[in-house]
Amino acid sequence: MNDRINVLVFPAGEINSIELHEALSTCININLFGASSINRHGQYVFKNYISGLPLITAPGFLSELNVLLRDKNIHVVFPTHDTVAAFFANNREKIDAKIIVADKATSAICRDKAKIYRTFADCDFTPKVYESIVEYPVFAKPREGQGAVGGRLIESPQDVPAQSELDNYVICEYLPGEEYTVDCLTDKNNKLVFVSPRSRKRVLGGVSVAGQTEPLTQEIQAIAERINGRLRFMGLWFFQIKKDARGEWKLLEISTRVAGSMCLTRARGVNLPLLSVYVAMGYEVTVQANPYQVAMDRTLISRYKINYEFDTVYIDFDDTLIIGDKVNLKGVWFLYQCQNLGKSVILLTKHEKNIYETLRRYHLDSGLFNSILHVQPESNKADYIDSEKAVFVDNSYRERETVFKARGVPVFDVDGLDVLLDWRV
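Counting from 1, residues in each chain are numbered in the order their sequence is written. Selection of residues for local features in this predicted model requires a pLDDT of at least 70, selection of side-chain atom pairs for listing and counting requires 80 or more, and totals for whole chains, interfaces and linings are taken over all residues. Just so you know, side-chain values use all the structure's heavy atoms and leave hydrogens and water out.

Things to note about the overall build of the protein chain
For clarity, the cut-off: A run of DSSP states H or I qualifies as a helix once it reaches four residues; a run of E qualifies as a strand once it reaches two. Both are numbered from the N-terminal end. Think of it in three bands: with a 1.4 Å probe and only protein chains considered, a residue is buried below 20% of the maximum accessible area for its type, exposed above 50%, and partly exposed in between. Note on contacts: a residue pair qualifies if any of its non-hydrogen atoms lie within 4.5 Å across the two residues. Charged residues are defined here as Lys and Arg on the positive side and Asp and Glu on the negative side; His and the ends of the chain fall outside this count. For charged residues, the charge sits on one atom: NZ in Lys, CZ in Arg, CG in Asp, CD in Glu.
The number of helices and strands found in the protein chain is 13 helices and 22 strands. With the principal axes as the frame, the protein chain shows a C-alpha extent of 85 × 50 × 45 Å. Per-residue burial over the protein chain gives 51% buried out of 425 residues. Excluding contacts between residues fewer than 6 apart, the proportion of contacts in the protein chain whose partners are at least 24 apart in sequence is 65%. In the protein chain, which carries 50 positive and 53 negative side-chain charges, the distance between the mean positions of the two groups comes to 4 Å.

Structural notes on the sheet that holds strand S19 (residues 344–349)
Applicable threshold: Pairing between two strands is assigned when DSSP locates at least 2 bridges connecting them. A fitted line through C-alpha atoms represents every axis, and for helices the fit uses only the stretch in contact; the resulting angles, taken between N-to-C directions, go from 0 to 180 degrees.
Spatial strand order, S20-S19-S16-S21-S22: 5 strands in an open sheet with parallel pairing. With one partner strand each, in any of the chains shown, strand S20 (371–374) and strand S22 (411–412) form the two edges of the open sheet. Each of strand S16 (312–315) and S19 is contacted by helix H10 (residues 329–341), which is oriented at about 155 degrees to S16, the strand it contacts most.

Notes on the pairing of strand S7 (residues 138–142)
Most of S7 sits out of view: 4 of its 5 residues are buried. As paired strands, S7 and strand S8 (residues 152–154) are joined by 3 bridges and run antiparallel to one another. Across the sheet, Ala140 pairs through a bridge with Arg152, a residue of S8.

Thoughts on the sheet that holds strand S14 (residues 249–255)
Taken together, 6 strands build an open sheet; the order of strands is S14-S13-S10-S11-S12-S15 and the sheet is antiparallel. Two strands close off the open sheet at either side, each with one partner strand: S14 and strand S15 (295–297). Neighbour-to-neighbour, the strand axes of this sheet turn through a mean angle of 35 degrees, independent of strand direction. Relative to S15, strand S12 (residues 207–213) is paired through 3 bridges, and the arrangement is antiparallel. Each bridged residue has a counterpart across the sheet, and for Ala210 the counterpart in S15 is Asp297.

Looking at the nonpolar core
Heads up, the condition is: Residues enter a nonpolar core if they are buried and are Ala, Val, Leu, Ile, Met, Phe, Trp, Tyr or Cys, with the set joined through side-chain atoms within 4.5 Å.
Residues Val7, Leu24, Ile30, Phe78 and Val277 are the most contacted members of the largest nonpolar core, which totals 33 residues. Breaking this core down by element, the ones donating at least two residues are strand S1 (5–10), helix H1 (15–24), strand S2 (30–36), strand S4 (76–79), strand S13 (235–243) and helix H9 (272–280). When residues of this core are assigned to their parent elements, the largest contribution, 7 residues, is made by H9. Beyond its immediate chain neighbours, meaning those up to four positions away, Leu24 contacts Val7, Ile30, Leu32, Phe78, Pro273 and Leu274.

Here's the deal with helix H12 (residues 397–407)
The criterion, for reference: To be clear, the arc concerns the directions from the helix axis to the C-beta atoms.
What H12 keeps buried is the set Glu399, Arg400 and Val403. End-on, the buried residues of H12 take up no more than an arc of 95 degrees, which puts them together on one face. For H12, exposure combined with an orientation more than 90 degrees from the buried face picks out Tyr397, Arg398 and Lys405. In this structure, the buried side of H12 is in contact with strand S21 (390–393) and S22. One or two residues past the end of H12 sits Gly408, with phi positive at roughly 70 degrees.

Written as structure tokens, this is what we have:
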């Protein structure tokens, strides 16, 4: 396994594509690419990013996709949306790469909840499905969709939508209990090799933003085995279950794509995207999860792009790289980023002691800086800035104001380091 595997994520802009990036971008034997038809967040994180692919509904999509696959020598493609996954499954033989998605029949079933419930109608984990509403409450969900988006609780006749709207819905028994997502991995021989439940404590826009891994019970294992026995997956997949009024698990949906919160399973040491690449390439895989449970909570993260190119950074030391007698980790991240990108870093400081001794005390290598300018307290830092394509980072408003007025270069307080960080790998 010495040759690097070229992997494409498409589309590369949603939450689950960012999880694929986090899972694969630092793997030594993976070259990761992202591509999208519509530019979203992927351009902020994928170093190898391709924009402008047609929509999958466009007549020339497959031909343009194959040009990209051949040009980049892509071995494996991850579709990140259920509709895209179903399209790729239907056109697998026309695509010049391996696709991490279930077979055509399985993808068609997983895309339509009515088909899922018919496929498993004889199983005790399948919820009651109604042709018409004969009791309340019930839950109506779109036949095609994910994450309960568009679902609605119907508690009385007044809540019932028009029949024309209901035609695209599945009407199920109301499930009031807790909800789990169950991450799974199926190997190249269609053997289920890993099952890991996780709870959905808080959901935003159909995506779990708070949850934790949960113990695997015999009941959940049995559901996973039954699903895997009737459908044919390749690599990762997941299903969602919810408890009914009696506390028994009922199936909500099944999906053949990566889930945005599979990071919880990866936090146990099980990288399902990487293992799925190996499955697609025909390798045997084994799984070993760390023996702990892990909780996760997340909120929005901001990443930035500015239309200003700089080649030199002038950065302060006290209360900038060192805050409260601790190393500012984000500041050190930025220093190493500048090293990676070939940007010059000048430490411009009025530190009261020997700056080299202080650097050693905090285990900071003076080699992080192209030069160190240790100036007098009464000096004007603007006088030491001689690059026209520079940025200046200092916690002091007075210093920033002076530099901005004298040199006209962008200036940043410590919180502004976020604007300068480059997440693309």
